[in-house]
Amino acid sequence: MLSPKRKTLLAVLFGLLCLAALAAAYDWYRGRYQRTVLFDAVDLRLPPGLEGPGPIRLVHFHDPACPCNVGNQQHLAELAERYAPLGVTFHAVQRPSSRGRLPPALAALQPLAALPGSEGLPGSPALAIWDRQGRLAYFGPYSEGATCTAANSFAEPVLDALLKGRPVRAGGTLAEGCFCAWQAP
């Protein structure tokens, strides 16, 4: 049987080992996913059939294997639930050559095979919003930071302004957050 001093020493050593493991995991995460990204929409366009005047269109860019998607999927489902009844259409573009699909809660998003100009996307998850005239109003992240909610989202203010008929032009955004590379290494 171990003495109380040895038990305490083992507990402290185990705690320190756990802290070191957590620190290493966090450092790995920050090095791989936490980054500053410039979203530039110079070449981004709607595909034929969606371009031109019509409803407000939101396009979600995702990679099913990206752990950063977990932080915004609930928020995206809430956006669709809130804004689809107001006439906003929701679409999704999956990272080329990736495998998987959106979760059932996002099954209402209309898949797009490709979006002209999206091959240069710097990272995902990301979104683009076009106004009723078919002009790009916003392109960039859902929010800044590791997670996305209605409290820190860029999407709601843009959608609300467009629904009220106010113009929005935010085609380039610099943000720090959780992003996976869009282009294959």
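I will try to describe carefully the structure that is included in this document. (Residues numbered from 1 in each chain as written. Predicted model: local features only at pLDDT ≥ 70, side-chain atom pairs only at ≥ 80, totals over all residues. Heavy atoms only, no water.)

1. Thoughts on the environment of Tyr-83
Here's step 1: Within the element layout of this structure, Tyr-83 appears in helix α2 (residues 70-83).
Here's step 2: As a C-alpha pair, Tyr-83 and Asp-160 span 77 residues in sequence and 9.1 Å in three-dimensional space.
Here's step 3: When residues no more than four places from it in sequence are discounted, the contact partners of Tyr-83 are Val-88, Phe-90, Glu-156, Leu-159, Asp-160 and Leu-163.
Here's step 4: A distance of 2.7 Å separates polar atoms of two side chains, one belonging to Tyr-83 and the other to Asp-160. (Helix = DSSP H or I, 4+ residues; strand = E, 2+ residues; numbered from the N terminus. Contact = heavy atoms within 4.5 Å. Polar contact = N/O pair within 3.5 Å; in protein donor to acceptor, adjacent residues only side chain to side chain.)

2. A short note on the pairing of strand β2 (residues 57-62)
Here's step 1: For β2, a buried count of 6 out of 6 residues is recorded, marking the element as mostly surrounded by other parts of the structure.
Here's step 2: Burial of β2 is two-sided: the residues Arg-57, Val-59 and Phe-61 facing one way and the residues Leu-58, His-60 and His-62 facing the other way are all buried.
Here's step 3: With respect to chirality, the unit in which β2 leads through α2 into the neighbouring parallel strand β3 (residues 89-94) is right-handed.
Here's step 4: One ladder, built from 5 bridges, connects β2 with strand β5 (residues 126-130); its direction is antiparallel. Bridge pairing in β5 places His-60 opposite Leu-127. (Buried < 20%, exposed > 50% of the residue type's maximum accessible area, 1.4 Å probe, protein only. Right-handed = clockwise from strand over helix to strand, strands pointing away. Pairing = 2+ DSSP bridges.)

3. A few points about the nonpolar core
Here's step 1: Residues Leu-58, Leu-76, Leu-79, Phe-90, Ile-129 and Leu-159 are the most contacted members of the largest nonpolar core, which totals 24 residues.
Here's step 2: Elements supplying a minimum of two residues to this core: α2, β3, β5, β6 (136-140) and α3 (155-163).
Here's step 3: Filtering out sequence-adjacent residues up to four positions away, Leu-76 remains in contact with Leu-58, His-60, Phe-90, Leu-106, Leu-109 and Tyr-142.
Here's step 4: Formed by 20 residues, the second largest nonpolar core is a distinct cluster that contains Val-59, Trp-130, Leu-136 and Phe-139. (Core = buried A, V, L, I, M, F, W, Y, C linked by side-chain atoms within 4.5 Å.)

4. Describing the packing of α2 against α3
Here's step 1: Packing of α2 against α3 leaves a shortest axis separation of 12 Å and a crossing angle of 15 degrees. Viewed along their axes, α2 and α3 adopt a mutual orientation that is roughly parallel. Crossing handedness for the pair α2 and α3: right-handed. Contacts from His-75, Leu-79, Arg-82 and Tyr-83 in α2 reach Ala-155, Glu-156, Leu-159, Asp-160 and Leu-163 in α3.
Here's step 2: Here the contact of α2 with α3 is built from residues that sort into 5 nonpolar, 1 polar and 3 charged. (Axes fitted to C-alpha atoms, helices over the stretch in contact; angles between N-to-C directions. Parallel < 35°, antiparallel > 145°, perpendicular 65-115°, else oblique. Left-handed = near helix turned anticlockwise from the far one by under 90°. Nonpolar A, V, L, I, M, F, W, Y, C, P; charged D, E, K, R; others polar.)

5. Considering α3
Here's step 1: Three or more residues of α3 are buried, namely Ala-155, Glu-156, Val-158, Leu-159, Ala-161 and Leu-162.
Here's step 2: Against the buried residues of α3 lie β2, α2, β5 and β6.
Here's step 3: Of the residues flanking the end of α3, it is Gly-165, one or two places downstream, whose phi is positive at about 85 degrees.

6. Concerning the environment of Pro-67
Here's step 1: Relative to the helices and strands, Pro-67 is located in the loop between β2 and α2.
Here's step 2: Measuring from C-alpha to C-alpha, the distance between Pro-67 and Pro-125 comes to 9.6 Å, with 58 residues separating the pair along the chain.

7. Brief notes about the sheet that holds β3
Here's step 1: If you walk across this open sheet you meet the 5 strands as β4-β3-β2-β5-β6, and the pairing is mixed. The sheet is open, and its two borders are formed by β4 (110-112) and β6, each paired with just one other strand. Within this sheet the neighbouring strands show an average axis-to-axis angle of 20 degrees, counted without direction.
Here's step 2: Sheet strands in contact with α2 are β2 and β3, and its direction is about 150 degrees off that of β3.
Here's step 3: Along the sheet, α3 contacts β2, β5 and β6; its crossing angle with β5, the most-contacted strand, is approximately 10 degrees.

8. Remarks on the state of the cysteines
Here's step 1: Enumeration according to the criterion identifies 2 disulfides in this entry.
Here's step 2: Between the sulfur atoms of Cys-66 and its disulfide partner Cys-180 the distance amounts to 2.0 Å. Handedness here is read from the sign of the S-S torsion; for Cys-66 and Cys-180, about 85 degrees, the answer is right-handed. Here Cys-66 is found in the loop between β2 and α2, whereas its partner Cys-180 is found in the segment after β7 (172-178), with 114 residues between them in sequence.
Here's step 3: A relative accessible area of 3% places Cys-66 in the buried class.
Here's step 4: What makes Cys-180 buried here is its relative accessible area of 6%.
Here's step 5: Should the bonded cysteines of the chain be numbered as they appear in the sequence, the pairing reads 1-4, 2-3. (Disulfide = S-S within 2.5 Å.)

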